[in-house]
Amino acid sequence: MNKPHCTLTEHVFLVGFMGAGKSTVARRIARVCGVASLDMDTYIERAQGRSISEIFADGGEELFREIETKTLEDLALRENKLVISCGGGIVMSEKNRRIMQDAGHVVHLQVTADEAASRISNKSSRPLFRDIESARRLCERRLPLYMDAADWTLSTSDKNVACIAGETIDHLKEEGILCQQQG
Ligand code: S3P
């Protein structure tokens, strides 16, 4: 069977709280549709030659946010359109929200802190996921920012990766952002 081949008319930014499944969903959309995906945290780690936790340890959250915004600016300018899974805190800066809105389509994968906690296996790799109480507070504080950034929000409650990716693909096709290539 031939691999389906689609094109993206603009970047797709997946945003949402830690553990929403952004990276896995981006990879799955890429595999199913034959488009390119990129995980921002992994990209940053490779470019920096150190882990996210090490960046936080070296320069605090401030340094990480600087690197994150610079990376987002660079990626937004790329000609080849990508499905980009973003770190959970990307929406905290108004500048980042504007870059994403100007450069593409923002999909918010909504998750509760409790569900996120059950999905995240390695919490030590996430400096801002300290304990469930603080995660709940952070998730609540960020919700309006995700809503502000998003062109579309999808609840991920009780859905597996295949289902979340499938609903997102349908949405992107309806919007004319993901197009089946002819021939
Ligand atoms: C963060 C989320 C992480 C990572 C960093 C900060 C946040 O990404 O960017 O630890 O502020 O929510 P994931 O959402 O992929 O875990």
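Everything below is about the structure printed above this text.
These numbers were taken from a predicted model, which means no experiment stands behind them.

Procedures and definitions
- Residues numbered from 1 in each chain as written.
- Predicted model: local features only at pLDDT ≥ 70, side-chain atom pairs only at ≥ 80, totals over all residues.
- Heavy atoms only, no water.
- Near = heavy atom within 4 Å.
- Polar contact = N/O pair within 3.5 Å; in protein donor to acceptor, adjacent residues only side chain to side chain.
- Areas by Shrake-Rupley, 256 points an atom, 1.4 Å probe, with all protein chains shown as cover.
- Pairing = 2+ DSSP bridges.
- Helix = DSSP H or I, 4+ residues; strand = E, 2+ residues; numbered from the N terminus.
- Axes fitted to C-alpha atoms, helices over the stretch in contact; angles between N-to-C directions.
- Contact = heavy atoms within 4.5 Å.
- Expected span 1.5 Å × (residues − 1).
- Buried < 20%, exposed > 50% of the residue type's maximum accessible area, 1.4 Å probe, protein only.
- Arc of directions from axis to C-beta.
- Patch = residues over 30% accessible without salt bridge, like charges linked within 9 Å, V, L, I, M, F, W, Y side chains within 5 Å.
- Salt bridge = Lys/Arg side-chain N within 4 Å of Asp/Glu carboxyl O.
- Lys, Arg positive; Asp, Glu negative; His and termini not counted.
- Charge placed at Lys NZ, Arg CZ, Asp CG, Glu CD.
- Phe/Tyr/Trp six-rings, centres within 6.5 Å; stacked < 30°, edge-to-face > 60°.

Undergrad: Give me the lowdown on the site of the ligand, citing residues and values where you can.
TA: Taken together, 13 residues form the shell around the ligand, and within it Lys22, Asp41, Arg65, Arg126 and Arg142 come nearest. Asp41 is positioned with one of its side-chain polar atoms (N or O) 2.7 Å from an oxygen atom of the ligand. Within the side chain of Arg65, a nitrogen or oxygen atom sits 2.7 Å from an oxygen atom of the ligand. Protein contact buries 96% of the 380 Å² of open area that the ligand shows by itself.

Undergrad: Please give an account of the sheet that holds strand S6 (residues 152-155) that cites residues and values.
TA: The strand order S3-S4-S2-S5-S6 describes an open sheet built from five strands, whose pairing is parallel. The sheet is open, and its two edges are formed by strand S3 (36-39) and S6, each paired on a single side. Strand after strand, the sheet turns through a mean of 20 degrees between neighbouring axes, direction not considered. Seen against the sheet, helix H4 (residues 94-103) touches strand S2 (11-15) and strand S5 (104-110) and runs at an angle of roughly 120 degrees to S5.

Undergrad: So what's going on with helix H7 (residues 161-174)? Which residues, and what values?
TA: The terminal C-alpha atoms of H7 lie 20 Å apart, and with 14 residues this matches the ideal 20 Å at 1.5 Å per residue to within 8%. Within H7, the full set of buried residues consists of Ile164, Ala165, Thr168, Ile169, His171 and Leu172. Take H7 and look down its axis: the buried residues cluster within an arc of 165 degrees, on one side only. Those residues of H7 hidden inside the fold are in contact with S2, helix H1 (22-33), S5, S6 and strand S7 (178-180). Backbone geometry just after H7 places Gly176 at a positive phi near 75 degrees.

Undergrad: Please provide a residue-by-residue account of a negative patch on the surface, values included.
TA: Side chains of Asp151, Asp170, Glu174 and Glu175 sit close together on the surface and give a patch of like negative charge. Along the polypeptide, Asp151 turns up in the loop between helix H6 (132-149) and S6. A residue is classified by how much of its surface remains accessible, and Asp151, at 44% relative accessible area, is partly exposed.

Undergrad: Describe the packing of aromatic side chains, listing the residues and the values that go with them.
TA: Taken as a whole and judged by the stated rule, the model has two aromatic pairs. Relative to Phe129, the ring of Phe17 lies with its centre 6.3 Å away and its plane at 50 degrees, an arrangement referred to as tilted. Residue Phe17 is located in the loop between S2 and H1, and its partner Phe129 is located in the loop between helix H5 (113-119) and H6; the two are separated by 112 residues in the primary sequence. Exposure class is identical for Phe17 and Phe129. Each is buried.

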